[in-house]
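# What the coordinates show
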Amino acid sequence: MTISPPVAEGGVRQWRCLTLLTVAVLLALAPWFSAAAVAPLIQAEWQLRAGAAAWLTLAVQLGFVAGTLVSGVLNIPDRFDASRLFALSAVGAALTTAGLAVIATGPLDGAVLRFLTGAFLAGVYPPGLKLAATWTRRRRGLALSLIVGALTVGSASPHLVRALLDASWRPVVLVTAGLALAAGMLVLGGVRQGPFAAPPARFNPRFALQIVRAPGLRLATLGYLGHQWELYAMWAWVPLFLAQVVAREGGEPGLAAGLAFAVIAVGGGGAVLGGLVADRVGRSVTAAGAMAVSGSAAIAVALLVDARLWVLVPILLVWGISVIADSAQFSAAISELSPLEYVGTALTMQICIGFLLTFVSIHLLGVLVDSGPHWGAAFGLLALGPVFGVVSMLALRRRPEAVRMAGGRR
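First, a word on what this report is: a plain description of the structure on this page. (Residues numbered from 1 in each chain as written. Predicted model: local features only at pLDDT ≥ 70, side-chain atom pairs only at ≥ 80, totals over all residues. Heavy atoms only, no water.)

So, about the overall build of the chain. The secondary structure content of the chain amounts to 20 helices and zero strands. For 410 residues, the compact-globule formula gives about 22 Å, and the C-alpha radius of gyration of the chain, at 20 Å, lands near that figure. Projected onto its principal axes, the C-alpha positions of the chain cover 60 × 45 × 40 Å. For the chain, buried positions account for 59% of its 410 residues. Contacts in the chain between residues far apart in sequence, at least 24 positions, make up 84% of those at least 6 positions apart. Positive and negative side-chain charges of the chain, numbering 28 and 16 respectively, have mean locations separated by a distance of 12 Å. (Helix = DSSP H or I, 4+ residues; strand = E, 2+ residues; numbered from the N terminus. Rg over C-alpha atoms; globule rule 2.2 N^0.38 Å. Buried < 20%, exposed > 50% of the residue type's maximum accessible area, 1.4 Å probe, protein only. Contact = heavy atoms within 4.5 Å. Lys, Arg positive; Asp, Glu negative; His and termini not counted. Charge placed at Lys NZ, Arg CZ, Asp CG, Glu CD.)

Here it is, written out as structure tokens:
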């Protein structure tokens, strides 16, 4: 493992590496929703229902869960160089994403390739968070928020690619594969672990259970579960909702794709804002406040599903900002409450459990959309997650170990 020499926080080298890492995460996460961005085109070509097409996104979630589970149990992020793991995984995600466009002929082989993409992305996002944590202590909330913001914009980028290309679905998917390949090359060439990295950990598969045994880690994970219940289902289904609203008003598909990109990508700014606030005010209270706003936005959209586009878009933008503003604070809390040598394992297991839950919420929304579509009930269902998350984070705030977060700011 490469450990950088000591540097002061706020130094040029620190922010250079964090900037390169942020760009790399943005590019590497482009394949995640590449199929969702072109779902109507895939549906038409392969003659699928909306619920069946959703399996191309669900397969990524399942692959990611499988990858993070294996990685966490084997302590892979803490036993091996995180930057090399990131780079190799990004290249793997690029190849399997390209395979969807080049060799897939139907939903079965498409889902297999999407599963493999998710498994490779498990070697991108958790190691990316760990790499950011190795470069900072005092402003860790901001550093991890940059990574989450990059994930947000990267996840939204296929919608922008589709809006710009206005082509068949295969070129859009190939562009996202190329972005992930570029991410791998960028990390190989310029990103290393920072001065706060621990030495390689010993193999300890039992540490993965600490995420549910230790009270502080458990509450931070429960808050993350409430957040994840809402986040990825919102990202997966709001683009289709916007497509139907735009079509209802006689608009062009490109407008719907552009709006979907805006609603998701605006969360990048929300993530950074959340990090800045949390480092000054506290992790628990910031996360709880963001979830209160996002849950309220979900309920507002649920009540206004038949409203005009100009009414819905501002609410969706508020939802897009707030739904991700809390995300990095769960990861920052885990990194501060865990033993230094097993931060990567703890982050990976938290993410594994959270993404397993996204499978349930994405699938349930698909059932409601296929059967109605019952958009009001679907979005109302998502609001349950933030309620649960707020309760969990306020409980964490009362724990004595919460003083270890954000320099004593709970």
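Additional details are given in the paragraphs that follow.
Scanning the model with the defined rule gives six salt bridges in all. Here glutamate 45 ties to arginine 170 by a salt bridge, and the two come within 3.0 Å at their closest N and O atoms. Taken together, the residues span a long stretch of sequence, with glutamate 45 in helix H3 (residues 39-46) and arginine 170 in helix H10 (residues 169-190) at a distance of 125 residues. Of the charged contacts in the structure, one is a salt bridge between arginine 283 and glutamate 336, with a shortest N-O distance of 2.8 Å. Separated by 53 residues along the polypeptide, arginine 283 in helix H15 (residues 283-303) and glutamate 336 in helix H17 (residues 327-337) bring together distant segments of the chain. With a relative accessible area of 14%, glutamate 336 lands in the buried category. Among the charged side chains, a salt-bridge network with shared partners connects Asp279, Arg283 and Glu336. (Salt bridge = Lys/Arg side-chain N within 4 Å of Asp/Glu carboxyl O.)

The next point concerns the packing of aromatic side chains. One pair of aromatic rings is described through two measures. These are the centre distance and the angle between the planes. Evaluated as defined, the whole model comprises 16 aromatic pairs. Taken together, a centroid distance of 5.8 Å and an interplanar angle of 15° make the contact between phenylalanine 33 and tyrosine 232 stacked. With phenylalanine 33 in the loop between helix H1 (12-28) and helix H2 (34-37) and tyrosine 232 in helix H12 (residues 215-248), the pair connects residues that are 199 residues apart, well separated along the chain. Neither residue differs from the other here; phenylalanine 33 and tyrosine 232 are each classed as buried. (Phe/Tyr/Trp six-rings, centres within 6.5 Å; stacked < 30°, edge-to-face > 60°.)

Burial of nonpolar side chains together is a common tendency in soluble globular proteins. Formed by 107 residues in total, the largest nonpolar core has its most connected members in Trp235, Trp319 and Phe379. Ranked by residue count, the leading element in this core is H12, at 18 residues. Those residues within four positions of tryptophan 235 in sequence are excluded, and the remaining contacts are Phe33, Leu151, Thr152, Ser155, Ile264, Val323 and Ile324. Core analysis: the next-biggest nonpolar cluster, separate from the first, contains 15 residues, Trp46, Ala101, Trp169 and Val173 among them. (Core = buried A, V, L, I, M, F, W, Y, C linked by side-chain atoms within 4.5 Å.)

Together, Leu108, Val112, Phe115, Leu116 and Phe120 line one region of the surface with nonpolar side chains, adding up to about 450 Å² of accessible area. By the element assignment, leucine 116 lies in helix H7 (residues 107-121). Looking at leucine 116, the relative accessible area reads 36%, which means it is partly exposed. (Patch = residues over 30% accessible without salt bridge, like charges linked within 9 Å, V, L, I, M, F, W, Y side chains within 5 Å. Areas by Shrake-Rupley, 256 points an atom, 1.4 Å probe, with all protein chains shown as cover.)

Further remarks concern the side chain of threonine 176. Secondary-structure assignment places threonine 176 in helix H10. The contact partners of threonine 176, leaving out residues within four places of it in the chain, are Ala30, Pro31, Ser34, Thr97 and Pro158.

The N-to-C vectors of helix H6 (residues 82-102) and H7 enclose an angle of 165°; their axes lie 8 Å apart at closest approach. Comparing the axis directions of H6 and H7 gives the class roughly antiparallel. When the axes of H6 and H7 are compared, the crossing they make is left-handed. Here H6 contributes Ser89, Gly92, Ala93, Thr96, Thr97, Gly99 and Leu100 to the contact with H7, which in turn contributes Gly110, Leu113, Arg114, Leu116, Thr117, Phe120 and Leu121. (Axes fitted to C-alpha atoms, helices over the stretch in contact; angles between N-to-C directions. Parallel < 35°, antiparallel > 145°, perpendicular 65-115°, else oblique. Left-handed = near helix turned anticlockwise from the far one by under 90°.)

The next thing to look at is helix H9 (residues 140-165). Taking 1.5 Å of rise per residue, 26 residues should cover 38 Å, and H9 covers 37 Å from first to last C-alpha, within 8% of that figure. Maximum bend of H9: about 35°, positioned at serine 157, with proline proline 158 one to four residues after it. Summarising burial for H9: 20 of the 26 residues are buried, a large majority. Aspartate 166 lies just past H9 and shows a positive phi near 50°. (Expected span 1.5 Å × (residues − 1). Bend = angle between axes of the 7 residues up to and from the residue.)

With respect to the helices and strands, the residue valine 390 is situated in helix H20 (residues 384-397). As a C-alpha pair, valine 390 and alanine 101 span 289 residues in sequence and 41 Å in three-dimensional space. The contact partners of valine 390, leaving out residues within four places of it in the chain, are Ala288, Met291 and Ala292.

As a further point, take unusual backbone geometry. Here glutamine 47, not a glycine, exhibits a phi torsion of approximately 55°, which is positive. If you trace the backbone, glutamine 47 turns up in the loop between H3 and helix H4 (50-73). Classification of glutamine 47 as exposed rests on a relative accessible area of 72%. Backbone geometry places asparagine 75, a non-glycine residue, at a positive phi of 55°. As for its placement among the helices and strands, asparagine 75 is situated in the loop between H4 and helix H5 (76-79).

At their nearest, the axes of H1 and H9 sit 7 Å apart, and the two run at 25° to each other. Considering the angle they form, H1 stands roughly parallel to H9. Relative to H9, H1 is oriented so that their crossing is right-handed. On H9, the residues touching Trp15, Leu18, Leu21, Thr22, Val25 and Leu26 of H1 are Leu142, Ala143, Leu146, Ile147, Ala150, Leu151, Val153 and Gly154. Of the residues contributing to the contact of H1 with H9, the split by class is 12 nonpolar, two polar and no charged. (Nonpolar A, V, L, I, M, F, W, Y, C, P; charged D, E, K, R; others polar.)

Let us look at the environment of proline 215. Structurally, proline 215 can be placed in helix H12. The exposure class of proline 215 is partly exposed, given its relative accessible area of 30%. Proline 215 sits 184 residues away from arginine 399 along the chain, and the two C-alpha atoms are 8.3 Å apart. For proline 215, the residues in contact, after removing those within four places along its chain, are Arg399 and Glu401.

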